[in-house]
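Structure assessment
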Amino acid sequence: MILVIMDVQKLMECVISSVFVLNGIPNLCVGTTVTERKVSATTEPLLLRAVKGEVVDRPPVWLMRQAGSYQTLCEKYPSFRDRSENADLVVEISLQPWKVFKPDGVILFSDILTPLSGMNIPFDIVKGKGPIIFNPPQSAADVDQVREFIPEESVPYVGEALKRLRNEVGNEAAVLGFVGAPFTLSSYVIEGGSSKNFTQIKKLAFSQPKVLHALLEKFTTSMITYIRYQADSGAQAVQIFDSWATELSPVDFEQFSLPYLKQIVEAVKQTHPNLPLILYASGSGGLLERLARTGVDVVSLDWTVDMAEGRDRLGRNIAVQGNVDPGVLFGSKEFITSRILDTVKKAGRDKHILNLGHGIKVGTPEENVAHFFEVAQGIRY
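Everything numeric here is computed off the predicted structure, so don't read it as measured data.

Another point: the overall build of the protein chain. Within the protein chain one finds 17 helices and 11 strands. The buried share of the protein chain, taken over its 381 residues, is 56%. Roughly 15800 Å² of accessible area belongs to the protein chain as shown, and the carbon and sulfur atoms make up 48% of that amount.

All right, on to the pattern of salt bridges then. What the rule picks out here adds up to 11 salt bridges. Of the charged contacts in the structure, one is a salt bridge between D104 and R58, with a shortest N-O distance of 2.8 Å. Of this pair, D104 sits in the loop between α5 (87-101) and β2 (105-107) while R58 sits in the loop between α2 (46-52) and α3 (72-76), placing them 46 residues apart in sequence. There is no split in this pair, since D104 and R58 are both buried. Each of E254, R290 and R293 takes part in one network of salt bridges that share partners.

Okay, unusual backbone geometry next. Residue N323 follows G322 across a cis peptide bond; omega there is -5°. Summarising the element assignment, N323 is placed in strand β9 (residues 319-324). With a phi close to 55°, K102 is a non-glycine residue in the positive phi region. Locating K102 in the fold gives a position in the loop between α5 and β2. Using a relative accessible area of 38% as the deciding quantity, one classes K102 as partly exposed. Residues other than glycine seldom take positive phi values, yet N120 does so here, at roughly 70°.

This part covers the sheet that holds strand β10 (residues 352-356). Read across the sheet, seven strands follow the order β2-β5-β6-β7-β8-β9-β10 without closing on themselves; strand pairing throughout is parallel. The open sheet has two edge strands with one neighbour each: β2 and β10. Going across the sheet, the axis of each strand differs from the next one's by a mean of 25°, ignoring polarity. Note: β2 against strand β5 (residues 174-180), three bridges, orientation parallel. From the neighbouring strand, V106 faces β5, where its bridge partner is V175. Lying over the sheet, helix α15 (residues 307-314) contacts β8 (298-300), β9 and β10, oriented at roughly 160° with respect to β9. This element, helix α16 (residues 333-347), spans β9 and β10 of the sheet and lies at about 150° to β10.

With that settled, the discussion passes to the pairing of β10. For β10, the tally of buried residues reaches five of five residues, placing the bulk of the element in the interior. The side-chain alternation of β10 yields two buried faces, one formed by H352, L354 and L356 and the other by I353 and N355. Pairing of β9 with β10, which is carried by five bridges, proceeds in the parallel orientation. Looking at the pairing, Q321 lines up with I353 of β10.

The subject of this paragraph is the UniProt feature "domain: Uroporphyrinogen decarboxylase (URO-D)" (unreviewed entry) in the protein chain. With numbering matched to this structure, UniProt assigns "domain: Uroporphyrinogen decarboxylase (URO-D)" (unreviewed entry) to residues 176-192. The span residues 176-192 carries 59% helix and 29% strand; its end-to-end C-alpha distance comes to 28 Å.

So, on to the packing of helix α8 (residues 156-169) against helix α11 (residues 209-233). Put simply, α8 and α11 touch, their axes get as near as 8 Å, and they point 35° apart. Viewed along their axes, α8 and α11 form a crossing whose handedness is right-handed. Along the contact surface, α8 presents P156, V158, G159, L162 and K163, while α11 presents Y226, Y229, Q230 and S233. Here the contact of α8 with α11 is composed, by residue class, of five nonpolar, three polar and one charged.

Per the counting criterion, the structure on display carries nine aromatic pairs. Seen in terms of ring centroids, F101 and F373 are 5.1 Å apart; in terms of plane orientation they differ by 10°. Their pairing is stacked. With F101 in helix α5 and F373 in helix α17 (residues 366-378), this residue pair connects regions lying 272 residues apart in the sequence. F373 matches F101 in its accessibility class, with the two residues each being buried. When the centroid spacing of 5.1 Å and the interplanar angle of 50° are considered together, the rings of F198 and W244 count as tilted. Residue F198 is located in the loop between α9 (182-191) and α10 (199-207), and its partner W244 is located in the loop between β6 (237-241) and α12 (250-256); the two are separated by 46 residues in the primary sequence. Overall, F198 belongs to the buried group, its relative accessible area being 2%. Taken together, the aromatic side chains of F101, F372 and F373 make up a single cluster linked through ring pairs. For the cation-ring pair, R81 lies above F123, with the distance from its terminal atom to the ring centre recorded as 4.3 Å. One residue, K102, lies across the ring of W98, its end atom 4.6 Å from the ring centre.

Parameters and conventions
- Residues numbered from 1 in each chain as written.
- Predicted model: local features only at pLDDT ≥ 70, side-chain atom pairs only at ≥ 80, totals over all residues.
- Heavy atoms only, no water.
- Helix = DSSP H or I, 4+ residues; strand = E, 2+ residues; numbered from the N terminus.
- Buried < 20%, exposed > 50% of the residue type's maximum accessible area, 1.4 Å probe, protein only.
- Areas by Shrake-Rupley, 256 points an atom, 1.4 Å probe, with all protein chains shown as cover.
- Salt bridge = Lys/Arg side-chain N within 4 Å of Asp/Glu carboxyl O.
- Pairing = 2+ DSSP bridges.
- Axes fitted to C-alpha atoms, helices over the stretch in contact; angles between N-to-C directions.
- Contact = heavy atoms within 4.5 Å.
- UniProt positions renumbered as here; feature names shortened; annotations may be inferred.
- Left-handed = near helix turned anticlockwise from the far one by under 90°.
- Nonpolar A, V, L, I, M, F, W, Y, C, P; charged D, E, K, R; others polar.
- Phe/Tyr/Trp six-rings, centres within 6.5 Å; stacked < 30°, edge-to-face > 60°.
- Lys NZ or Arg CZ within 6 Å of the ring centre and 35° of its normal.

As structure tokens, this is what we get:
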């Protein structure tokens, strides 16, 4: 593989020219062209083409939480739910990074807990505290009160926002939707919010597994419906966040998370076979092979997994996303560049979406975010 680096101060003179001596072939720097393989001529967004394994000239790039990193609207509308449950504000916030950085993925500004109200689970997201579930279910009777999620009735602003985003972006970038995975949603709901030890969800899992499975089934059915709704409204790919599944041991992951993820993927693929599904679980190094068994199109790696090792463990048939440490964006521009190039080198030229290994951290310098995109968009295979 040969990478060509386009400008960005000659990308620091090719960032110490030894960085891209790949497969024994010296790197080519600014102004050089590569004609190894013909890049597919299509109007489909770069991100979708990369996921399919088509020949692309560079890795597509977007950043998790890119739509939530702007503070102006946060000050004007301090309530997260006020911002995320208003189609006009959702569109405006989602498009802010697109207008400034032109990422290859434009993700909906929302939250994985957004469906809860429509499922008869009252909640709020409080600044400085995070999500709060007002009446955490504790019994089979409580779970029986959880309703089927009907997005058209409960979150019509999501559908409206996705339609408008698709119209605004066209095929210049892929519009991305997202949902929470059943175990992660159940964790928030049972714990009453965020948790450090996950005592309540594990207590329920190990003492009343039937109750937890009943809740997981309800979330599974609802997330299938929600993904389909997002796709029908304009989402061209959907990311599934199973952030807390990695709190489970491998044997418990196979009981309380994996079957439900597989059920979601299989059901969605029946109605939307060409919709790419991305799975992200933070701290997933011990579960990578199991994540691949879900059947998703893309596994998003966090930064604790070496990209080359992750690719070897997952196999080349599955696309990968990631996985620069978000903390890198607090470093120097030279350091940021070197980490980007190292990640791209290890990922290879096929089926890779460049991203962070988690969301952008609060306080990240905007000029460093700009540099990240500038370097990423200047890479040429």
